[in-house]
Amino acid sequence: MSDAIDAPVTLAEIARIAGVGRAAVSNWRRRHDSFPSPVGGTDTSPQFSLVDVERWLRTNGKIVRIGLRERLWPHYEALGDRAVMGAALAEAGGRLLATEGPGAPGRVTPGQPDLPAEAARVVDETIEAACHEGGRETFDFLLSRWLDAHVRQVSTTPAPLARLMADVAVAVGAGGPARGGAGGAPGGVTVLDPACGTGGLLLAAGERMGDQGTGAGTPAPTLLGTDIDPVLAALAAVRLGFAGMAGAGAPETRAGDSLRADPQAGARADVVLCNPPFNARDWGHEELATDPRWIYGLPPRTEPELAWVEHALARLAPGGVAVILLPPAVASRRAGRRIRGALLRTGVLRGVVALPAGAAQPHSVSLQLWILRAPAADGVAAPGDRLFLFDAVDRQGAAKGAQSIDWPRLSGRVLDAVHSHAWSGDLRAGAEEPPPERCVTVPVMDLLDEETDLTPARHVPETAREAQAVLREAWGQLDRLLDEVRGHSRHLADIDLSEGGDAASTVTVSDLDRARALKARQGQTPTGELLHGDALPDDAVPVMTVPDLIMGGLPGGWLAADDVKAGAVSGSLTVADPGDVVVVGVERAFRVWVQTDTPLVLGPQLHALRPDPELLDPWFLAGCLRAPANARQAGSHTSSSARIDVRKLQVLQLSLAEQGPYAVAFKELLALEEALRSVVAVGEDLVRGLGDGLAAGRLRRSGR
């Protein structure tokens, strides 16, 4: 292997190259004066020359043979840019595919950019290393390292979940030996993933629906993938190409936007498996308003996931099956109620399965599998008068993250529930055996109400054990909250409620801004191409808008930290930093808070007030501004939006020392308000639980 390219490596990478723990490398560095000096990085994370490290390891007998794959990865990292690294890996994989077997089945449409000279040299080194390490082994190793390095930018479907989705499709009736192919080899099955990423779902489908999955003599499935990122599409082609050489299916991936300009528009698949991007607001709502795919209704701008659902149905062959991974809000958001109702009435939506949190990114959310079936060849769907619902979430808290999920147990529970229903007709529960626990079929007519909420937990009855555990937790939570309310009440009892005294003078926010006691800034609309809507990475900055506040109070998107820094400098973004006071200038969403934890990008009609710490206490300022009477006086009802003129809000005119007691009281008042809201919510849940338990005979009152 050529030594032409040097690369910086960290202590962790040196440990991997040498096959030891990081502590051993740190020990070598302390004990041996000859250990190479850092060439970059920081004091806490130094970087060393790969060439110098290799020479030292050999000279000191710490390693006999350096693994070529481990040596390759620092060269890829040295390329810097994620896309360049991925393109180089895809190019290397394509060349390895072409040399490992005639007629390599992986195909991808052209369009990869020309590689920089350094990247081309890394590709040559990869080919050279693969002669000793194996082509597929080298590619799989480097792809795994690339995905680990960019886990925040590239979302993948975990392999156990991909296998489960393929198994569900087969269990519902797709991919069996009796089915004819829609667009592949005669008698074969065609599988499509319109947002394929690096091909994990297609790989699972090829393995499950190939010879071993459906019986000897069955043609391998045809695997079709599309991804908007050409690098991911190329990597998927190589990955599936290697799998295809082992008989897992004939793959073809294409780069393109499946919603706006689908390169697979002519394909009709027996199975669609998809893990689409979540909360992608710029999905093409305006230009696709008259698209013929929306036979169940035009998806609202805020419902991109339903656009993917309708797209999947449009690409299915008659009677085909789709299994789609979706966030739980899709089952209940009011904006999507009409389309959910149409999917139910036409019989194409067959089931919803709630998975435990941690099944896939974002790991904090309990995602759902939607099971759909296209109408038959005559254009008529099966009766579908009941919806299959299964809540696979462990209510006892067994699964608290991705690493704690027992995938064999979870997959077994889901497949047992799926197998317990007759999927060829109207989803009646199997008569031979009772359905598994937390599995029901609900009449469609019972779901077509004002909400059309398809969340399984809402319709699946709790077991007696779960109900008792919930009630015990609710009692304890209510006691803690009542103690908290009493504590805040005692602090606020010091307020003098006696009459008399002159009212203090006030000053407006506008006056304070002119006097430079604070700096007022108005929120702006972030640039669409910068805004992300998927899981929030650790180094991202959340974006808050008025619709987010109305829909639940949580940020609906995020921006990369570098983009926020550049936008704040240029003035194109408004960022509320910790210590700033945020004011919502819309009456129906009016609220004021002190930003206390992380920076927050503000959308239109949100305002950031940055007080001068020598003149204004932020808690005092927020407490004055959030008074309901203050908001009414500053309100403007000249339009339907009923806006509040933040500049007219009044603030008590007090010295910084006099503001202190008020700030403490305002903080206690806010804490009391939040505690009371929690008491109401927990109390209502407790009353409902007790009422249901008593009425069902699960609970008994003692005779005392």
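Our structure's up above, just so we're on the same page.
What counts, and where the lines are drawn
Residues numbered from 1 in each chain as written. Predicted model: local features only at pLDDT ≥ 70, side-chain atom pairs only at ≥ 80, totals over all residues. Heavy atoms only, no water. Helix = DSSP H or I, 4+ residues; strand = E, 2+ residues; numbered from the N terminus. Buried < 20%, exposed > 50% of the residue type's maximum accessible area, 1.4 Å probe, protein only. Contact = heavy atoms within 4.5 Å. Areas by Shrake-Rupley, 256 points an atom, 1.4 Å probe, with all protein chains shown as cover. Salt bridge = Lys/Arg side-chain N within 4 Å of Asp/Glu carboxyl O. Pairing = 2+ DSSP bridges. Axes fitted to C-alpha atoms, helices over the stretch in contact; angles between N-to-C directions. 1 Å grid on protein atoms, 1.4 Å probe; cavity = no way out; pocket = protein on both sides within 12 Å on 5 of 7 lines; lining within 4 Å. Points joined across faces, edges and corners; volume = space filled by probe spheres on them. Nonpolar A, V, L, I, M, F, W, Y, C, P; charged D, E, K, R; others polar. Expected span 1.5 Å × (residues − 1). Arc of directions from axis to C-beta. Parallel < 35°, antiparallel > 145°, perpendicular 65-115°, else oblique. Left-handed = near helix turned anticlockwise from the far one by under 90°. Core = buried A, V, L, I, M, F, W, Y, C linked by side-chain atoms within 4.5 Å.

Caption draft 1: Examining the overall build of the chain more closely. In terms of helices and strands, the chain carries 23 helices and 25 strands. A burial count over the chain gives 47% of its 704 residues as buried. When contacts within the chain are restricted to residue pairs at least 6 apart in sequence, long-range pairs at least 24 apart make up 73% of them. With an accessible surface of roughly 33500 Å², the chain has 52% of that area assigned to carbon and sulfur atoms.

Caption draft 2: Region of interest: the pattern of salt bridges. In total, this model carries 27 salt bridges according to the counting rule given. As a salt-bridge pair, arginine 260 and glutamate 287 come within 2.6 Å of each other at their nearest N and O atoms. A residue pair is termed long-range when its members are at least 10 positions apart, and arginine 260 in the loop between strand S7 (250-255) and strand S8 (269-274) and glutamate 287 in the loop between S8 and helix H12 (304-315) qualify at 27 residues. On the basis of relative accessible area, arginine 260 is assigned to the partly exposed category, the value being 33%. Two residues, arginine 301 and glutamate 286, come together in a salt bridge whose shortest N-O distance is 2.2 Å.

Caption draft 3: Main features of unusual backbone geometry. Cis rather than trans, the peptide bond between glutamine 361 and proline 362 has omega equal to -10 degrees. Structurally, proline 362 is set in the loop between strand S10 (349-354) and strand S11 (368-373). Positive phi is not limited to glycine here, since arginine 438 has a value of about 65 degrees. Following the sequence through the fold, arginine 438 ends up in the loop between helix H14 (407-419) and strand S13 (439-443). Judged by relative accessible area, arginine 438 falls into the buried class, the value being 7%. Even without being glycine, glutamine 605 reaches a positive phi, approximately 70 degrees. Along the chain, glutamine 605 turns up in the loop between strand S21 (600-602) and strand S22 (606-611). Accessibility expressed as a relative area gives 23% for glutamine 605, which makes it partly exposed.

Caption draft 4: Region of interest: the side chain of histidine 285. By the element assignment, histidine 285 lies in the loop between S8 and H12. You can call histidine 285 buried: its relative accessible area is 17%. Setting aside anything within four residues of it in sequence, one finds histidine 285 in contact with Leu298, Pro299, Pro300 and Arg301.

Caption draft 5: Layout of the environment of glutamate 54. Of note, glutamate 54 is situated in helix H3 (residues 50-59). Accessibility expressed as a relative area gives 4% for glutamate 54, which makes it buried. Taking the C-alpha atoms as reference points, glutamate 54 and isoleucine 17, 37 residues apart in sequence, are found 8.8 Å from one another.

Caption draft 6: The sheet that holds strand S19 (residues 581-584), seen in detail. Here we have four strands laid out as an open sheet, ordered S15-S22-S19-S20, and antiparallel in their pairing. The open sheet has two free edges, formed respectively by strand S15 (518-522) and strand S20 (592-594), since each of these has just one partner strand. Each neighbouring strand pair of the sheet contributes to a mean axis angle of 20 degrees, computed without reference to strand direction.

Caption draft 7: Geometry of empty space enclosed by the protein. Taken as a whole and assessed by the stated rule, the structure comprises one cavity of 30 Å³ or more. Looking at the largest cavity, its volume works out to about 50 Å³. What lines the largest cavity is Val592, Trp593, Val594, Trp619, Ala622, Gly623, Arg626, Phe666, Lys667 and Leu670. Classifying every residue of the lining of the largest cavity gives seven nonpolar, one polar and two charged.

Caption draft 8: Spotlight on H14. The end-to-end C-alpha distance of H14 is 18 Å, a good match for the 18 Å that 13 residues give at a rise of 1.5 Å each. Among the residues of H14, Trp407, Leu410, Ser411, Val414, Leu415, Ala417 and Val418 are the ones counted as buried. Seen along its axis, H14 keeps its buried residues to an arc of 155 degrees; they face one direction. Residues of H14 that are exposed and point more than 90 degrees away from the buried face comprise Pro408, Asp416 and His419. Residues of H14 that are buried in the fold lie against helix H8 (159-172), S10, strand S12 (386-391) and S13.

Caption draft 9: How the structure looks around the packing of H8 against helix H9 (residues 200-209). Two numbers describe how H8 lies on H9: the axes approach to 8 Å, and their chain directions differ by 50 degrees. With respect to H9, the element H8 is oriented oblique. Of the two elements, H8 crosses H9, and the hand of that crossing is right-handed. Taking contact as the criterion, the partners of Ala162, Arg163, Met165, Ala166, Asp167, Ala169 and Val170 in H8 are, on H9, Gly200, Leu201, Ala204, Ala205, Arg208 and Met209. Across the contact of H8 with H9, the residue classes tally to nine nonpolar, one polar and three charged.

Caption draft 10: Main features of the nonpolar core. Core analysis: the biggest nonpolar cluster contains 47 residues, and Val168, Val191, Leu273 and Val414 have the highest contact counts within it. Of all the elements in the fold, those that place two or more residues in this core are H8, H9, helix H11 (230-245), S8, strand S9 (316-326), S11, S12 and H14. The element best represented in this core is H8, accounting for ten residues. What leucine 273 contacts, discounting residues up to four positions off in sequence, is Met165, Ala166, Ala169, Val191, Leu192, Asp193, Pro194, Leu201, Ala205 and Val323.

Caption draft 11: Highlighting the packing of helix H1 (residues 11-18) against helix H2 (residues 22-31). The contact between H1 and H2 brings their axes to 8 Å, and the two run at 105 degrees. Looking at the two axes, H1 sits roughly perpendicular to H2. Contacts between H1 and H2 involve Leu11, Ala12, Ile14, Ala15 and Ala18 from the former and Arg22, Val25, Ser26, Trp28 and Arg29 from the latter. Grouping the amino acids of the contact of H1 with H2 by side-chain chemistry returns seven nonpolar, one polar and two charged.

Caption draft 12: Highlighting the sheet that holds strand S1 (residues 8-9). The antiparallel open sheet is built from three strands, whose spatial order is S1-S3-S2. Only two strands of the sheet have a single partner each, and these edge strands are S1 and strand S2 (40-41). Against the sheet, H3 contacts S1 and strand S3 (46-49), and its axis sits at roughly 75 degrees relative to S3.

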